[in-house]
Structures are given as C-alpha cells and as structure tokens.
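Residue-level listing of the chains:
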Amino acid sequence: MTLGANMLAILACPSCKGKLIWNQDKTELVCCGEQLAYPVENGIPALLASSAREVSVDELEQIKS
Ligand SMILES: [Zn+2]
C-alpha cells in the first residue's frame, strides 16, 4: 500500500499540527517532533492521540533514512 504525495501534503499531526512522514514498512504516519506513530488501516489514517504509539529514537532514524 502507498500513500500519495497529495495525501501526505494535507495530513498533519493532530496533536502538534506538525508534518507527518510515511513509514512504508509499518504503514504508519510518523510525527518526528513528538516521536509518535499513527496507524493507517486500509488507506485510512487513524490520526487520533489514542491510536498513536511511541517511536524510539533509533526507530525514528531508520524511518527518516
Ligand atoms: Zn505531533
């Protein structure tokens, strides 16, 4: 599954309104500022604080690279 660039451009972190990056491996949208990952199921992002998980610094580096 992929997310289009158009979709990524309009999505923002529900918490800090920061930019999200797409993690293809885990089909998550990641907020780098807060180290939070939001799940995407069936192409629909679950941008809710209650669905987010914490991402470790190491993991974040991997996602960014
Ligand atoms: Zn955020």
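Since the model is a prediction, treat every value here as computed from it, not as a measurement.

Q: Could you give me a rundown of the overall build of the protein, with the residues and numbers involved?
A: Looking only at helices and strands, the protein has two helices and five strands in total. Of the regular secondary structure in the protein, the N- to C-terminal order runs α-β-β-β-β-β-α. The C-alpha atoms of the protein give 11 Å as radius of gyration, which agrees with the globular expectation for 65 residues (11 Å, within 12%). By its C-alpha atoms, the protein is 25 × 25 × 20 Å across when sized along the principal axes. When contacts within the protein are restricted to residue pairs at least 6 apart in sequence, those whose partners lie at least 24 apart make up 21%.

Q: Tell me what's going on with the environment of serine 50, and back it up with residues and numbers.
A: By the secondary structure assignment, serine 50 is in the loop between strand S4 (44-45) and strand S5 (53-54). Separated by 46 residues in sequence, serine 50 and glycine 4 have C-alpha atoms that sit 25 Å apart.

Q: How would you summarise the confidence of the model for the protein if you had to cite specific residues and measurements?
A: Overall, the predicted model of the protein reaches an average pLDDT of 91, with 98% of residues at or above 70. Mean pLDDT values over the elements of the protein span from 81, in helix H1 (residues 5-10), up to 97, in S5.

Q: Run through the nonpolar core, naming residues and quoting values.
A: One broad rule of soluble globular proteins: the nonpolar side chains tend to lie buried together. In this structure, Cys13, Leu20, Trp22, Leu29, Val30, Cys31, Leu36, Ala37, Tyr38, Val40, Ala52 and Val55 together form the largest nonpolar core, which totals twelve residues. Sorting the residues of this core by element identifies strand S1 (20-23), strand S2 (28-31) and strand S3 (36-41) as the ones contributing at least two each. Looking at which element gives the most residues to this core, the answer is S3, with four residues. With near-sequence residues (within four places) excluded, leucine 36 lies in contact with Cys31, Ala52, Glu54 and Val55.

Q: Quick one: what's the story with unusual backbone geometry, residue by residue and with numbers?
A: The residue threonine 27 is not glycine, and still its phi comes out positive at about 45°. A count of 17 C-beta atoms within 10 Å places threonine 27 in the partly exposed class. Of note in the backbone geometry, asparagine 42 takes a positive phi value of approximately 55° without being a glycine. Inspection of the secondary structure puts asparagine 42 in the loop between S3 and S4.

Q: Could you give me a rundown of the pairing of S2, with the residues and numbers involved?
A: Where burial is concerned, the two faces of S2 agree: the one with Glu28 and Val30 and the one with Leu29 and Cys31 are both buried. Relative to S2, S1 runs antiparallel, the two sharing four bridges. Along S2, the bridge assignment pairs tryptophan 22 with leucine 29. If you look at the hairpin formed by S1 and S2, you'll find four residues sitting between the two strands, and threonine 27 has a positive phi there, around 45°. Examined bridge by bridge, S2 and S3 share four bridges and lie antiparallel to one another. Bridging across to S3, glutamate 28 finds its partner in proline 39.

How each quantity is defined
- Residues numbered from 1 in each chain as written.
- Predicted model: local features only at pLDDT ≥ 70, side-chain atom pairs only at ≥ 80, totals over all residues.
- Helix = DSSP H or I, 4+ residues; strand = E, 2+ residues; numbered from the N terminus.
- Rg over C-alpha atoms; globule rule 2.2 N^0.38 Å.
- Contact = placed C-beta atoms within 7 Å.
- pLDDT = per-residue confidence, 0-100.
- Core = buried A, V, L, I, M, F, W, Y, C linked by C-beta atoms within 7 Å.
- Buried ≥ 20, exposed ≤ 12 C-beta atoms within 10 Å, placed from the backbone.
- Pairing = 2+ DSSP bridges.

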